[in-house]
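Tertiary structure, described
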Amino acid sequence: MRRRLRLGINAWLILLSLFSAIPIVLFSGFTIYRLGVSQQNVQISRLSHRAVAAAVAVEQRLAAMSAMTRGLALSDAALQGDVPALYRQATRLLKVAPEARLITLIDAEGRQIFNTAVPLGSAIPPASQGEVVRRVFSTGLPVVSDLYTGVVVAEPTISINVPVSREGRVVYCLRMSVLVDIFSQALRDQAVPPGWTVALISQSGVIIARNHEAEQFVGERSRDDIFEAIASRREGVFDSVTHEGTQVKTLVQRIPEADWAVVIGAPVALLNAGLMQSLWAMGIGGALLVMVGMAASLWLARHLARQVSDLAVASTTLDAGEERRLPATLIRELDEMGAALGNARSREIQVCAELSESKTTEAMLARLVEELRLSQAQVIQSAGRFQALLKTASDGIHTLDEHGNLLETSDSFLRMLGYEAHEMEGMAVGDWYVDFHPDTTLASLRFQVEEQEGRIFEAKFRRRDGTVFDVEISCRGVHVDGMRYLYAAARDITERKTAEAKIQQLAFYDSLTHLPNRRLLLERLTQAKALVSRNGTHGAVAFFDVDNFKILNDTLGHRMGDLLLAEIAGRLKACVRDTDTVARFGGDEFVIVLEDLSGDVEEAALRADGIVEKVLEHLAEPYQLENHLHFSTVSLGVTLFHDKDVTNDDLLRQADLAMYQAKAGGRNTRRFFDPKMQAGLAAQSALESDLRAALENKESLVLHYQPQVDRRGGLIGAEGLLRWRHPVKGIVQPDEFIPLAEASGLILALGTRVIAMACDQLAAWSRDPVTSHLALAINVSARQFRHPGFIGEVEGALARSKIDPRLLKLELTESLLLQEMDDAVQKMRALENLGVSLSLDDFGTGYSSLAYLKRLPLSQIKIDRSFVRDILVDANDATIAKTIIVLGKSLGLSVIAEGVEEPGQWRFLHDEGCDQAQGFLFGRPMPAEEFLVHVRQRSRMSSLSDGLSLVH
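All figures in this text were calculated on a predicted structure; none of them were measured in a lab.

With that settled, consider a nonpolar patch on the surface. A grouping of Trp280, Ile284, Leu288 and Met291 is seen on the molecular surface, where their side chains present a nonpolar patch of about 470 Å² in accessible area. With respect to the helices and strands, the residue Ile284 is situated in helix α8 (residues 268-319). Take Ile284: its relative accessible area is 46%, and that puts it in the partly exposed class.

Right under this line is the structure:
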């Protein structure tokens, strides 16, 4: 028979304790694993929320600075190229935005047009960050620079670079330099837990801002793993090390507008501290539980052993016939004694059961008491935290019931409204809410409370002293213990509203007249077109400028001009209806938009005429400009509109064209747009486009050369006259396209082309002995002469062609030299130093006087063809020609006459001492090849005999 394993009671109880500890250990391990996963998820969530909050704070600061820069770039001064006005606006903007330290205007060549760190007009070195400037000009989009330390602002800085566009083309880059400390401050304001690190890092891996130790680390490169995470756009949490050597859990949040990233790092030691405490507590608790179980098992084993021993003795006693109660046991080995122990064992079981039930009830009561004590402590702790929040919160936190009655407030809410705590007891929302309406406001409040809905909106509060201010309110309805409340947090946004109003004023209104600017005008005009189209009526656009406004500026100064413009703006507002728009278009130009005049076009024109007639009368009245009584008038053009599909540009162009017709009609009057004007304008526009194309084609623009002779008739040179080979019209004369080039600004490119062609022709002549002695004269426009780069342009052309500068003659007009005389003399001296000859063209047609002639470094004066044409039949023309010759001789200047067509004209001029001449008598303007043939033919003739034949 197989022998069974027999163990003692102690051994069985110890084995039972060990087997019972196994599920406890397994459950503890699983609980520790789940706790670790939960803690990791909480850490990731905290990191993500903190990173998003920091990124939003940085993005808001960056967006605010970008909005101010774009508002300045879209101002009238920027759009019109009024650099002094833009400089003044930039200086004022720096006063209201202390975060910005510097505003710079940069052209496409990288030159600084102005820099607010120095007075306007001061010498400024080229702008830094040339690549950023090139990106702005190439893309036409705003660009935020990387971190740098500027020369003027010797602190870590970033710049916001915004394009300034005109007619769809980027003409300037407007740069605002911002100290990165504002971003460090924004990161510090996030109130992350102590020891956490928040950094703002550029795409190139440079640290722009940091919430602590910013002075030490801003400008340093980030660690390689962080830079790789930013470059690869890695998502999620990863392990990294800070510059201080701290192991951190790291998360990257990108800022798309600047291609930056906010990197937040939480020390691993701090994050794991709570988890390790929980692990230690659970481990110690589990070990204690196992030890207590083992100890209980040993104690029970000894106790039962004693019972068994007593039972054995009792059993012996019972076997002996003694009467005594036997102790009960549950040991299996003693089952054979059941019959002998009988009733004693049953009674023992009953007593043990009653004792166990008593102990269980006592344990349950003790556990309930402990849970109640812990709940009370948690409630007290939660209430303390809530009270601390109310006292330290910066926003005005307050609680209302569903009827709008005030229940509880924070200290900041009391300070915001100027009340003491006891003064607000019993108050309701209507006591401080400015726009309170019993029906609508309370209905909205009850709805939010009922639906537990959250809202964020702006409102106005009234302080105890009666002052009203703007707030942003964040509120939510909650239900607690059957009660319904509305929790609200109010934030004072007065400063933000003030800044927004300033930006609005800068963006949409003219700073001098406070009238709508061009941008707002275009919006109003679009609305007016939609209105008249919807109502089936007509509207009108009136465009006008101030007659002779430049004379006022030149005589009394720009300050008086500004006063006049402000006075005109005030009078205009009184002349129109409230529904009409009066705007300053730019400079001394104003626009009036008249809405809803009439459904009949003739009646609409009459009403518009009545309004503009009133404008003309009011603006013609005298102006008292400080101590000066000034009289001024305006010229005004009007065009009607009925269809919303017509563009704003077309309407303004039509009104502008009509205004110039009014100026041509004598000024101080108005003209309505005529479609014939539009046809002429379209033809002019087409010609302008063709001219732009011609500038790109070297063969379209050529010089024709008209011979110039000396007193003996010898060929001494030529005047280069520009001709345009139009693909459809053929040869176009200068008097047809030069005014167009002047008006469109193409005259500068045209002048540059003429100088280059003249120098190239002189270089070609210099290589031929027959033509090497010939001089060449070309005309210079006023705008080209006044351009700052004109001297350098001439010097470059001379150096490139390597010609004798004495053979190049520049012809200047009298009107050109009368304006800004000192500057003109200085430029003429510079040209004289280069060796270039200077001739005064069309002499006698302007304001000729010895006073300015003797100051100018001229070598020649030219008698205008208007005096030469009738020199033989008009005594006045003959006298003027004689006087010019005598005047030139007295000043040591040579004299040349143009337009000589008859031998008698040349004999008269020759006899009076004229040195040189040109005209059809000596040759018409001809292409270069034909001119060369002409020169070779003349070279075969004797200069002396030719001169005598012409004189006699």
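Along the chain, Asp877 falls in helix α27 (residues 875-890). With sequence-adjacent residues up to four places away left out, Asp877 is seen in contact with Ser866, Phe867, Asp870 and Ile871.

So, about the confidence of the model for the protein chain. When pLDDT is averaged along the protein chain, the result is 81; 81% of the residues meet or exceed 70. In this model, residues 942-952 is a region of pLDDT below 50 whose contacts with residues beyond four sequence positions or in other chains number 20 contacts.

In this structure, Phe785, Phe790, Leu808, Leu810, Ile863, Leu909 and Phe931 are the most contacted members of the largest nonpolar core, which totals 79 residues. If near-sequence neighbours (up to four positions away) are discounted, Ile863 is found in contact with Phe843, Val868, Ala881, Ile884, Ile885, Val895, Ile896, Ala897, Glu898 and Leu909. Formed by 56 residues, the second largest nonpolar core is a distinct cluster that contains Ala55, Ala97, Phe114 and Ala214.

In this section: the sheet that holds strand β16 (residues 483-492). Sheet architecture is open: 5 strands sit in the order β13-β12-β16-β15-β14, paired in antiparallel fashion. At either end of the open sheet lies a strand with only one pairing partner, and these are β13 (406-409) and β14 (454-462). Strand-to-strand, the axes of this sheet are offset by a mean angle of 30 degrees, without reference to chain direction. Both strand β12 (residues 396-401) and β16 contribute to a ladder of 6 bridges, which runs antiparallel. Looking at β16, one finds that Thr399 is bridged to Tyr487. The strands touched by helix α11 (residues 438-451) are β12, β14, β15 (468-480) and β16; relative to β16, the strand with the most contacts, the crossing angle is about 115 degrees. Running at roughly 130 degrees to β15, helix α12 (residues 494-508) makes contact with β14, β15 and β16 of the sheet.

The next thing to look at is the packing of helix α13 (residues 518-535) against helix α17 (residues 648-664). One can describe the packing of α13 onto α17 by two numbers: an axis separation of 10 Å at closest approach and a directional angle of 100 degrees. Between α13 and α17, the angle is such that the two are roughly perpendicular. Across from Leu522, Leu525, Thr526 and Lys529 in α13, the residues of α17 making contact are Asn648, Leu651 and Leu652. Residues of the contact of α13 with α17, tallied by class, amount to 4 nonpolar, 2 polar and 1 charged.

This part takes up the packing of aromatic side chains. Aromatic rings in a pair are described by how distant their centres are and how their planes are angled relative to each other. Taken as a whole and assessed by the stated rule, the structure comprises 14 aromatic pairs. Centroid distance Phe544 to Phe590: 5.6 Å. Interplanar angle 15 degrees. Geometry classified as stacked. Here Phe590 lies in strand β19 (residues 589-598) and Phe544 lies in strand β17 (residues 538-546), a separation of 46 residues in the sequence. Both residues of the pair, Phe544 and Phe590, belong to the buried class. An aromatic cluster of at least three residues, connected via ring pairs, comprises Phe413, Trp432, Tyr433, Phe461 and Phe469. Over the ring of Tyr623 we find Arg571, and its NZ or CZ is 3.7 Å from the ring centre.

This paragraph deals with the pattern of salt bridges. Under the definition given, this model contains 35 salt bridges. Ionic pairing is found between Glu458 and Lys497, a salt bridge with its closest N-O pair at 2.6 Å. Highlighted residues: Glu458 in strand β14 and Lys497 in helix α12, separated in sequence by 39 residues. Among the ionic pairs, Lys862 bridges to Glu719, the shortest N-O distance being 3.1 Å. Remark: Glu719 occurs in strand β25 (residues 715-726) and Lys862 occurs in strand β30 (residues 860-863); sequence separation between them is 143 residues. Judged by its relative accessible area of 0%, Lys862 falls in the buried class. Each of Glu719, Glu811, Lys862, Arg865 and Glu898 takes part in a single network of salt bridges with overlapping partners.

Moving on, we get to helix α14 (residues 549-556). Burial in α14 covers these residues: Phe549, Leu552 and Asn553. Down the axis of α14, the sector holding all buried residues measures 95 degrees, keeping them to one side. α14 presents Lys550, Ile551, Asp554 and Thr555 as exposed residues on the side facing more than 90 degrees away from its buried surface. Count one or two residues on from α14 and you reach Gly557, which has phi positive near 100 degrees.

Strand order in the open sheet formed by 5 strands is β8-β7-β11-β10-β9, with antiparallel pairing between adjacent strands. The open sheet has two edge strands with one neighbour each: β8 (207-210) and β9 (238-241). Shown here is a sheet whose adjacent strand axes are inclined to one another by a mean of 35 degrees, direction ignored. One ladder, built from 4 bridges, connects β9 with strand β10 (residues 247-255); its direction is antiparallel. Each bridged residue has a counterpart across the sheet, and for Asp239 the counterpart in β10 is Lys249. This element, helix α5 (residues 181-188), spans β7 (197-201), β8 and β11 (260-267) of the sheet and lies at about 45 degrees to β8. Along the sheet face, helix α7 (residues 224-231) touches β7, β9, β10 and β11 and points at about 140 degrees away from the line of β9.

Parameters at a glance
Every chain's residues receive numbers from 1 upward, in the order its sequence appears when written. Confidence filtering applies because this is a predicted model: local features only for residues at pLDDT of at least 70, side-chain atom pairs given and counted only at 80 or more, and all residues used for totals across whole chains, interfaces and linings. Hydrogen atoms and water are omitted, and side-chain values are computed over all heavy atoms in the structure. Candidate patch residues must exceed 30% relative accessible area and have no salt bridge, after which like charges are joined if within 9 Å and Val, Leu, Ile, Met, Phe, Trp or Tyr side chains if within 5 Å. Note on areas: Shrake-Rupley, 1.4 Å probe, and residue coverage restricted to the protein chains presented here. The working definition used for a salt bridge is a side-chain nitrogen of Lys or Arg within 4 Å of a carboxyl oxygen of Asp or Glu. Under the DSSP-based scheme used, a helix requires at least four consecutive residues in state H or I and a strand at least two consecutive residues in state E, with every element numbered from the N terminus. Partly exposed describes any residue whose relative accessible area lies between the buried limit of under 20% and the exposed limit of over 50%, with all areas from a 1.4 Å probe on protein chains only and scaled to the type maximum. We call two residues in contact when some of their heavy atoms are within 4.5 Å. Residue-level confidence of the predictor is summarised by pLDDT, bounded by 0 at the bottom and 100 at the top. Side-chain atoms within 4.5 Å are what join buried Ala, Val, Leu, Ile, Met, Phe, Trp, Tyr and Cys residues into a set we call a nonpolar core. A pair of strands is treated as paired once DSSP finds two or more bridges between them. Axis definition: a line fit to C-alpha positions, over the contact stretch in the case of helices; interaxial angles, taken between N-to-C directions, run 0 to 180 degrees. The cut-offs work like this: below 35 degrees is roughly parallel, past 145 is roughly antiparallel, 65 to 115 is roughly perpendicular, and the gaps in between are oblique. Think of it as three bins: nonpolar holds Ala, Val, Leu, Ile, Met, Phe, Trp, Tyr, Cys and Pro, charged holds Asp, Glu, Lys and Arg, and polar takes everything else, Gly as well. Aromatic pairing here means that ring centres of Phe, Tyr or Trp (its six-membered ring) are within 6.5 Å. Orientation follows from the plane angle: under 30 degrees is stacked, over 60 is edge-to-face, and everything else is tilted. For a ring to carry a charge above it, either NZ of a lysine or CZ of an arginine must fall within 6 Å of the ring centroid while also lying within 35 degrees of the normal to the ring plane. To obtain the arc, one takes the directions from the helix axis to the C-beta atoms.

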